[in-house]
Every structure is written in structure tokens, then in C-alpha cells.
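# Fold and geometry: a report
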Protein chains: 2
Amino acid sequence: MSEVVADLSIGEVAERTGLSVHTLRFYEREGILANPVRRDSGGRRVYHENDVDWLNLCMILRASGMPLPAIRRYTELVRAGDGTEAERLVLLRKHRERVLDQMDQLRKCLDLVNFKVGVYEDALDQVAVSSATGTDARR
Amino acid sequence: MSEVVADLSIGEVAERTGLSVHTLRFYEREGILANPVRRDSGGRRVYHENDVDWLNLCMILRASGMPLPAIRRYTELVRAGDGTEAERLVLLRKHRERVLDQMDQLRKCLDLVNFKVGVYEDALDQVAVSSATGTDARR
DNA sequence: GGTTGACCTGGAGTCGACTCCAGCTCCTAG
DNA sequence: CTAGGAGCTGGAGTCGACTCCAGGTCAACC
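Residues numbered from 1 in each chain as written. Chains lettered and ligands numbered in written order. Predicted model: local features only at pLDDT ≥ 70, side-chain atom pairs only at ≥ 80, totals over all residues. Heavy atoms only, no water.

Chain A goes by MerR family transcriptional regulator in an unreviewed UniProt entry, where it is assigned to Micromonospora radicis.

Laid out in C-alpha cells, this is it:
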């Protein structure tokens, strides 16, 4: 019925996630993988689609400024399973606050930059117009 | 008529901006101040309100992820004065793109976190309810 | 059976942005 | 006149998050 879900090499995971193989090994050392990575007969890492999903989640958290120690903690809680939901919730709520703070900062910055871009656009238009009226008589 | 606008010591600037005196000296080395810092007879830095304003601008840019080299470049252009507006505009537009990208990332993350927070809140409510129905018979 | 290419490890290196240290000067208050 | 506090400098240290290196294994293909 369904396709056999293939195991993945570290290189394939790198390709799928956009992380480098270096980073994947580094994240593993840092305890950032929800389930411990299996190894094949030759000692090579064997990943699963789940791992890719988890890594994508982690990448979203990282991109929003969650530090690795917090991601590690969250990972530990998920690995530990039932009974850790309360702490996960605390952790996520804390991160949400940080995200909202960052959005505020960015909005502030965006306003500023929009304003300044407007100023410079106007200034340059002025220059263009005056140089046009000075040197350009077509029409 | 108007108050004499006071000169400021590095400590006062630190207090007003929230940057440390270390960071202020560091930023100066990095060329992040719009006008070169004057010194008093004893070689101490003398700042002006303008510098505080400029630093506040820089802090907004930093907080939105503009790297110091870009801020330095922008500072150089402002210092250089007329004729550099076009490049300033380019720089600001580029940063605006980055800010918008970051906002997108944050929105994505916020959706995710909101969703997960919801899931955990529901899960914990469930626990609360079932433990209540198990042990608590008031009404 | 030799070469390639992907993978392995432990540990070192890099980069950005601070942050701090040692040892000094200078001013002011007691 | 001296003790304290704020500043000064050049340079070193720290921290987070990668990033890379040397030297080795292993399977596959020519």
C-alpha cells in the first residue's frame, strides 16, 4: 500500500534540511535529536523522516532566536514523554514572549527604515528632477 | 532662553543608552559613531546628546540584526555627507528586506508555538478534569 | 586491488559581538 | 594629602554557534 519509508544517510538529511553534515553531528552532540540516532553495521548514522521533521521544527525555533540549551531542554522533555507537558508549556510560553518582543523590535525598526528610505528616495528624486530641468530639454 | 545642552561623560551616555562603557569604547573602535568623539583636557571622552540619538538609532539597527560592519558602513556614509545618499538608500533597502524576512520567520514560529501551546494547554486541562472527576465530587 | 567518495572521530579553529583585565591618570571630597 | 571613583589604553578572554581538520574506515566500482 504505502511506500516503504526509507532510512536516510547524514548526507541526505543535510540535503533535505539545508543543514550541513557538520551541523547535524554537532546538534547530535548537543542533544538536539528527539530519538537517539541509530547506526548501521559500519557505524554510520541512520536517520528517519521523523528526524527530518524534528530538525525542521528545531530550525524554526533556532531561526526565531531560541538558544541551543533551550532547544536541548525541550528535546529532553519530549524524549522523556508523559508527565513533562507542564514544563514544555512553560518553555514554549517563554519563547513566545521572546518572539513577540522581537516582532516589536522589528516593527520599530521597520518603521524607522521605511521612514528613512522615504526621505532618501525623496532627496534623490529632487536631485534627479533638478538635474533633469537643468540639462534635459526634450519636450 | 533654552537650556545649555550639556556635554556627557561616557558613564552618562552608558546610563542613557543602556550600553556599557565597554561597549561604547568598543563601538568607537569599530567606527560606529557619527562624529569623532572629542576629548577633554584629561583625555576623557566628551559626548553630546546627538551621540546618544545616533547610538539609539544604532541600537535599533543592531536589535533588528544589522551586523556591525553594515552599521559602520552606514556611519561612514553619513559622516561623508552629501553624495552618499544613493548608497545609504541601497543599504537601508537591503536591511529592510532582511527585517521583513525575519518577521516572516517569526510569524511562522509564532503560529507553530501558538499551536503547540494550545495543544499542551488542552492536554493539561484534560488531566485536570480527569483528576477532578476521579477525586473530586463537589458538583 | 586500487581509487573514489561518503562517512567516522576528537579536537581545534573561526567569527561576531561583546566583556573584562592590569596598570595607569586625573579629579574631588574629607 | 590621600582615598575613592571614573576614565584611559592595549590586549586578552568569553560565549554561542558553528565549521573545519587530520587521520581513519568502509563499500563500490573499474
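Let's pick the thread back up.
## Description of the relation of the copies chain B and chain A
In screw terms, the move from chain B to chain A is a rotation of 180° and a rise of 0.0 Å along the axis, fitting with an RMSD of 0.1 Å. Here the symmetry operator amounts to a two-fold rotation axis. Looking at the rotation axis and the C-alpha trace of chain B, the residue lying nearest is Met103 of chain B, at 3.2 Å. Interface residue correspondence from chain B to chain A reaches 100%, placing this contact among same-surface, isologous pairings. (Least-squares fit on C-alpha atoms with pLDDT ≥ 70 in both. Contact = heavy atoms within 4.5 Å.)

## Describing the pattern of salt bridges
According to the stated counting rule, one finds 18 salt bridges over all chains in the structure shown. One salt bridge in this structure joins Arg16 of chain A and Glu49 of chain A, with 3.7 Å as the shortest N-O distance. You can see Arg16 of chain A sitting in helix H1 (residues 10-17) and its partner Glu49 of chain A sitting in helix H3 (residues 49-63), a full 33 residues away along the chain. When its relative accessible area of 45% is taken as the criterion, Arg16 of chain A is described as partly exposed. The salt bridge involving Asp104 of chain B is made with Arg107 of chain B; its shortest N-O contact spans 3.2 Å. Here Arg107 of chain B and Asp104 of chain B lie together in helix H5 (residues 85-135), a separation of three residues that amounts to about one turn. Residues joined by salt bridges that share partners form a network here, namely Glu28, Arg39 and Arg45 of chain A. (Salt bridge = Lys/Arg side-chain N within 4 Å of Asp/Glu carboxyl O. Helix = DSSP H or I, 4+ residues; strand = E, 2+ residues; numbered from the N terminus. Buried < 20%, exposed > 50% of the residue type's maximum accessible area, 1.4 Å probe, protein only.)

## Quick notes on the protein's contact with DNA strand C
In the vicinity of DNA strand C, 19 residues are found, and the nearest of them are Ser9, Gly11, Arg25 and Arg45 of chain A together with Tyr27 of chain B. Expressed as a percentage, the sugar and phosphate content of the atoms of DNA strand C within 4 Å of the protein is 73%. Contact distances for DNA strand C include 2.7 Å between a phosphate oxygen and a side-chain N or O atom of Arg45 of chain A. The contact in question runs from a phosphate oxygen of DNA strand C to an N or O atom on the side chain of Arg62 of chain B, over 3.1 Å. For the surface near DNA strand C, the elements supplying multiple residues, two or more each, are H1 and helix H2 (21-29) of chain A together with helix H2 (21-29) and helix H4 (68-80) of chain B. Grouping the amino acids of the surface near DNA strand C by side-chain chemistry returns six nonpolar, five polar and eight charged. (Near = heavy atom within 4 Å. Polar contact = N/O pair within 3.5 Å; in protein donor to acceptor, adjacent residues only side chain to side chain. Nonpolar A, V, L, I, M, F, W, Y, C, P; charged D, E, K, R; others polar.)

## Side note on the protein's contact with DNA strand D
What surrounds DNA strand D is a group of 19 residues, the closest being Tyr27 of chain A together with Ser9, Gly11, Arg25 and Arg45 of chain B. For DNA strand D, the backbone portion of the atoms within 4 Å of the protein, that is sugar and phosphate, comes to 72%. Here Gly11 of chain B contributes a backbone N or O atom positioned 2.8 Å from a phosphate oxygen of DNA strand D. Separating a phosphate oxygen of DNA strand D from a backbone N or O atom of Arg45 of chain B is a distance of 2.6 Å. Residue assignment for the surface near DNA strand D shows that the elements contributing at least two residues are H2 and helix H4 (68-80) of chain A together with helix H1 (10-17) and H2 of chain B. For the surface near DNA strand D, the class distribution of residues is six nonpolar, five polar and eight charged.

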